[in-house]
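# Descriptive structure summary
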Amino acid sequence: MSAEERRESVIHAAITEFARTGYQGTSTEAIARRVGVSQPYLFRLFPNKQAIFLAASERCLQDTRRIFEEASEGVAPDEVIHSMARAYQQLIADDPDKLMMQMQMYVAVAAAEAAGDHEFGASVRAAWSRLWDTAHLALGADVKETTTFLAFGMLVNTLLALGFPADDRVWGGFYDSARPLAGGSDG
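For the structure given in this document, a descriptive report is provided here. (Residues numbered from 1 in each chain as written. Predicted model: local features only at pLDDT ≥ 70, side-chain atom pairs only at ≥ 80, totals over all residues. Heavy atoms only, no water.)

### So, the overall build of the protein chain
Each helix and strand counted, the protein chain has 8 helices and 0 strands in total. Ordering the α and β elements of the protein chain from the N terminus gives α-α-α-α-α-α-α-α. At 17 Å, the protein chain has a C-alpha radius of gyration in line with the 16 Å of a compact globule built from 187 residues. In terms of principal-axis extent, the alpha carbons of the protein chain reach across some 50 × 40 × 35 Å. When the 187 residues of the protein chain are sorted by exposure, 45% land in the buried category. In the protein chain, of all internal contacts separated by at least 6 residues, the share reaching a separation of at least 24 is 59%. Here the protein chain contributes 17 positive and 25 negative side-chain charges, whose respective centroids are spaced 6 Å apart. (Helix = DSSP H or I, 4+ residues; strand = E, 2+ residues; numbered from the N terminus. Rg over C-alpha atoms; globule rule 2.2 N^0.38 Å. Buried < 20%, exposed > 50% of the residue type's maximum accessible area, 1.4 Å probe, protein only. Contact = heavy atoms within 4.5 Å. Lys, Arg positive; Asp, Glu negative; His and termini not counted. Charge placed at Lys NZ, Arg CZ, Asp CG, Glu CD.)

### Focus on the packing of helix 4 (residues 49-72) against helix 5 (residues 80-94)
Closest axis-to-axis distance for the helix 4/helix 5 pair is 8 Å, and the angle between their directions is 140°. Between helix 4 and helix 5, the angle falls in the class oblique. Every pair of crossing elements has a handedness; the one defined by helix 4 and helix 5 is right-handed. Each of Thr-64, Ile-67, Phe-68, Ala-71 and Ser-72 in helix 4 lies in contact with helix 5, whose residues at this interface are Val-80, Ser-83, Met-84, Ala-87, Tyr-88 and Leu-91. For the contact of helix 4 with helix 5, a count of residues per class yields 8 nonpolar, 3 polar and no charged. (Axes fitted to C-alpha atoms, helices over the stretch in contact; angles between N-to-C directions. Parallel < 35°, antiparallel > 145°, perpendicular 65-115°, else oblique. Left-handed = near helix turned anticlockwise from the far one by under 90°. Nonpolar A, V, L, I, M, F, W, Y, C, P; charged D, E, K, R; others polar.)

### Examining the packing of aromatic side chains
Describing an aromatic ring pair means giving the distance of the ring centres and the angle of the ring planes. Summed over all chains, the structure comprises 10 aromatic pairs. Ring plane angle 50° and centroid distance 6.3 Å describe the contact between Phe-68 and Tyr-88, whose orientation is recorded as tilted. Here the residue Phe-68 occupies a position in helix 4, and Tyr-88 occupies one in helix 5, the gap between them amounting to 20 residues. Judged by its relative accessible area of 3%, Phe-68 is buried. On the accessibility criterion, Tyr-88 (8% relative accessible area) is buried. Note on Phe-68 and Phe-149: the rings are 5.4 Å apart at their centroids and 65° apart in plane angle, and the pair reads as edge-to-face. Here Phe-149 lies in helix 8 (residues 143-161) and Phe-68 lies in helix 4, a separation of 81 residues in the sequence. Using a relative accessible area of 6% as the deciding quantity, one classes Phe-149 as buried. Cluster of aromatic residues (ring-pair linked, three or more members): Phe-18, Tyr-23, Phe-53 and Phe-120. Here the basic side chain of Lys-49 rests over the ring of Tyr-23, its NZ or CZ set 4.8 Å away from the ring centre. (Phe/Tyr/Trp six-rings, centres within 6.5 Å; stacked < 30°, edge-to-face > 60°. Lys NZ or Arg CZ within 6 Å of the ring centre and 35° of its normal.)

### Structural notes on unusual backbone geometry
Backbone geometry follows two general trends: most residues other than glycine have a negative phi, and most peptide bonds adopt the trans configuration. Residues other than glycine seldom take positive phi values, yet Ala-141 does so here, at roughly 60°. Among the structural elements, Ala-141 can be located in the loop between helix 7 (118-138) and helix 8. Given a relative accessible area of 43%, Ala-141 falls into the partly exposed group.

### Let's talk about the packing of helix 4 against helix 6 (residues 96-114)
It is at 10 Å that the axes of helix 4 and helix 6 come closest, and there the two elements cross at 130°. The pairing of helix 4 with helix 6 is recorded here as oblique in orientation. In the packing of helix 4 onto helix 6, the handedness of the crossing is left-handed. Residues Phe-53, Ala-56, Ser-57, Cys-60, Leu-61, Asp-63 and Thr-64 of helix 4 touch helix 6, and the partners they reach there are Lys-98, Met-101, Gln-102, Gln-104, Met-105 and Ala-108. Each residue belonging to the contact of helix 4 with helix 6 can be placed in one class, and the counts come to 7 nonpolar, 4 polar and 2 charged.

### Remarks on the pattern of salt bridges
In total, this model carries 12 salt bridges according to the counting rule given. Across the salt bridge formed by Asp-97 and Arg-20, the nearest N and O atoms sit 3.5 Å from each other. Of this pair, Asp-97 sits in helix 6 while Arg-20 sits in helix 1 (residues 3-25), and the two are 77 residues apart along the sequence. On the basis of relative accessible area, Asp-97 is assigned to the buried category, the value being 12%. Note on Arg-20: relative accessible area 53%, which makes it exposed. (Salt bridge = Lys/Arg side-chain N within 4 Å of Asp/Glu carboxyl O.)

Right, here's the structure in full:
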């Protein structure tokens, strides 16, 4: 494997590890073990744990941006929101670690901010802003539509993270494309 391929495998493994145990609860040893490399090799690819977390966060948000872009290509303007919602539901159904990684990002940034580390949050906020821009452009640069779409997305994340099944009444106000896929929150 080339260094770039190994780096990609570290990012993928980091998403899984951080998604499951958070920034504070994940050791670089666990990431290295999942990839099958030594910790010293891991630190040849990334300078520290924070850099690994930020790369995993960026990848998670980048994957979401990519599915929004793909879902909105060639779609009638009035169908874009539904196409992106369905694509997002498929993304987190296929890879539940993406949902959990997002939730861990928010916790890690809030904890860093509370501890006075604003640089950590700035990096994640920049990646999230790129996600907002992608949705915004796909939705015709309509600020209200973008805000509503992403607000519903955050509620989807929260309800799924809390384990609400797809047939629970809490999903009653969602348009069909934003409802969880069959099988609900059990991934």
